[in-house]
Amino acid sequence: MKKRGRTWRCRRRRIQMQQPVNLSSTTGLITLRQWMHKADYHGNHLIPALFTDTGRGLMTLKPLKVDDVIISIPKRLLITTQTTLDSEIGDYIKSCTPKLTPLQVLCIFLMYEKAKGLNSSWHPYISVLPQVYTTPAYFSNEELTSLPRFLSIQAQQQVLTVKGAYEAVADILVTMETMFAFCHGVMGFEEFRWAWFVINTRSVYMKQDVSEFLQPEVNTYALAPLLDLLNHSPTVEVSAAYNKSSQCYEIKTKTPYKKYDQVFICYGPHDNTKLLVEYGFTVPHNPHNVVMFEIDEIIKYLTCQLSSQHSHGALMEKKLQILHSNQMTSDLSYSLDGLSWKLQTVLRILCMDFNELNSWKRILTGGECSKQTELKSKQLANECIQGALNSNQETVQKVRLLPTSQHVDLVLSVCEERKLILESQL
């Protein structure tokens, strides 16, 4: 037998380190699958595994071709508002005034079932859910204050949204603590925040009838055990819906997989900023990444070419009026493909002189501007990009001073992706 050398052993070790680790024998996941099989779940080709690049996910034990059903979760395993209304706290939920929203109902139900512990029929599922999340609402105050503006605004809004959502049901939760002894001390903000993010990061879209007992708003939340272990990829396609014939929530793949591949779903064409804020993760080399510019930032870098400040102010006021009236002051993006049409158009209009501005409409219909305006718009674009690069670097230096955490790593990954985009065409 030929003796293997050191190079072969190192290569084999690297390959083994990259291979997913089967998590099927993990106590909590064994219990989950046994519980699901008792409820008529028959999927055996997907197993939980730990992947080096994404963490916990689902691996297929057989090849999957286009239009194959990835996973099918029976209705009795889905947590919906109807699940809550049919539960032992259903009558109490129905009696609440004012009526609750679907999201509020599901948060209360999750908190209640978690408080029951082993006595909950949903315990096998609840016990394997993450206990904390990496969304901005879980960031420390120091981490929040160190965020760049493009992240800070959304992060602060999320913090306020979750606090407001809790305050809206706080009295109900206090009442439940007096009604059920096992709920005492475990129906506060921390538990509500956990439930809120379980639903907002892990639920699937499933349109349901509006209940007479709830607020008359669109009801689309559903939690599906095991299915929520499927990770997001921006490069795959799936179709997902509740199948009334089989009475199961089904996901079909539009992307083929080999045996032992990780199977993905797609949350939508989201950039890393949205993924971090909404779900608490980022995707390396995300094709949907963009850098957004605000109109105020662009104006800040605009160099005045006129000697009269009064004339410049009047001219700028007219330009802004044109941009606002044509909804051209938002979604100004820059990607690896370059400046978006909208951003290019805004830059050109901002760089026009009085005479050329009279024919601004032709720019909106694909017409050309003067060579002088085109040159000025490119110079302005470079100034904006360089300014964004400098700001990005300042953020990186500031964030790196913080104690090491997963939150810090996520913010740095977003900044690194922004840097790659901004440097791509300088």
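Quick note: structure is the one above.
Residues numbered from 1 in each chain as written. Predicted model: local features only at pLDDT ≥ 70, side-chain atom pairs only at ≥ 80, totals over all residues. Heavy atoms only, no water.

Some words on the pairing of strand β10 (residues 262–265)
Alright, step 1. Because side chains alternate across β10, one face comprises the buried residues Q262 and F264, and the other comprises V263 and I265, equally buried.
Alright, step 2. In the sheet, strand β7 (residues 231–232) pairs with β10 via two bridges, with the strands oriented parallel. From the neighbouring strand, H232 faces β10, where its bridge partner is I265. (Buried < 20%, exposed > 50% of the residue type's maximum accessible area, 1.4 Å probe, protein only. Helix = DSSP H or I, 4+ residues; strand = E, 2+ residues; numbered from the N terminus. Pairing = 2+ DSSP bridges.)

Things to note about the sheet that holds strand β8 (residues 238–243)
Alright, step 1. Spatially, β4-β9-β8 is the arrangement adopted by the three strands of the open sheet, whose pairing is antiparallel. Pairing within the sheet leaves two strands with one partner each, and these edge strands are β4 (69–74) and β8. Going across the sheet, the axis of each strand differs from the next one's by a mean of 10°, ignoring polarity.
Alright, step 2. Relative to strand β9 (residues 248–253), β8 is paired through six bridges, and the arrangement is antiparallel. When the sheet's bridge partners are listed, A241 is paired in β9 with E250. (Axes fitted to C-alpha atoms, helices over the stretch in contact; angles between N-to-C directions.)

A short note on the layout of surface pockets
Alright, step 1. Taken as a whole, the largest pocket spans an internal volume of roughly 920 Å³.
Alright, step 2. Along the walls of the largest pocket sit 32 residues, with T54, R56, N231, G280 and F281 positioned nearest its centre.
Alright, step 3. Of all the secondary structure elements, the ones that give two or more residues to the lining of the largest pocket are β3 (55–60), α9 (189–202), β7 and α17 (406–423).
Alright, step 4. Of the pockets and cavities examined, the second largest pocket occupies roughly 670 Å³.
Alright, step 5. Lining the second largest pocket are 29 residues, and of these N200, S203, V204, Y267 and Y279 sit closest to its centre.
Alright, step 6. Within the residue set of the lining of the second largest pocket, elements represented by two or more residues are α8 (149–179), α9, β5 (204–208), β6 (219–222), β8, β9 and α10 (272–279).
Alright, step 7. In terms of residues, the lining of the second largest pocket owes the most to one element, α9, which gives six residues.
Alright, step 8. Tallied by class, the residues present in the lining of the second largest pocket amount to 17 nonpolar, eight polar and four charged. (1 Å grid on protein atoms, 1.4 Å probe; cavity = no way out; pocket = protein on both sides within 12 Å on 5 of 7 lines; lining within 4 Å. Points joined across faces, edges and corners; volume = space filled by probe spheres on them. Nonpolar A, V, L, I, M, F, W, Y, C, P; charged D, E, K, R; others polar.)

Focus: the environment of W35
Alright, step 1. Looking at the secondary structure, you find W35 in helix α2 (residues 27–38).
Alright, step 2. Overall, the relative accessible area of 18% leaves W35 in the buried class.
Alright, step 3. Apart from residues no more than four positions distant in its own chain, W35 is found in contact with L77, S121, W122, P124, Y125 and P225.
Alright, step 4. Among the polar contacts made by the side chain of W35, one reaches the main-chain carbonyl oxygen of S121 at a distance of 3.1 Å. (Contact = heavy atoms within 4.5 Å. Polar contact = N/O pair within 3.5 Å; in protein donor to acceptor, adjacent residues only side chain to side chain.)

Some thoughts on the sheet that holds strand β11 (residues 291–293)
Alright, step 1. Strand order in the open sheet formed by three strands is β11-β12-β13, with antiparallel pairing between adjacent strands. Looking at strand neighbours, the two that pair on one side only are β11 and β13 (338–339), the edges of this open sheet.
Alright, step 2. Bridging between strand β12 (residues 332–335) and β13 involves two bridges; their strand directions are antiparallel. Across the sheet, residue S335 finds its bridge partner in β13, namely G338.
Alright, step 3. Contacting β11, β12 and β13, helix α13 (residues 341–350) runs over the sheet at an angle of about 120° to β12.

Looking at the packing of aromatic side chains
Alright, step 1. Taken as a whole and judged by the stated rule, the model has 14 aromatic pairs.
Alright, step 2. Centroid distance F180 to F182: 5.8 Å. Interplanar angle 35°. Geometry classified as tilted.
Alright, step 3. Residue class for F180 comes out buried when judged on its relative accessible area of 17%.
Alright, step 4. The exposure class of F182 is partly exposed, given its relative accessible area of 35%.
Alright, step 5. Pairing Y279 with F281 gives two aromatic rings, centres 6.2 Å apart and planes at 40°, and the pair type is tilted.
Alright, step 6. Residue Y279 is classed as partly exposed on the basis of its relative accessible area of 21%. (Phe/Tyr/Trp six-rings, centres within 6.5 Å; stacked < 30°, edge-to-face > 60°.)

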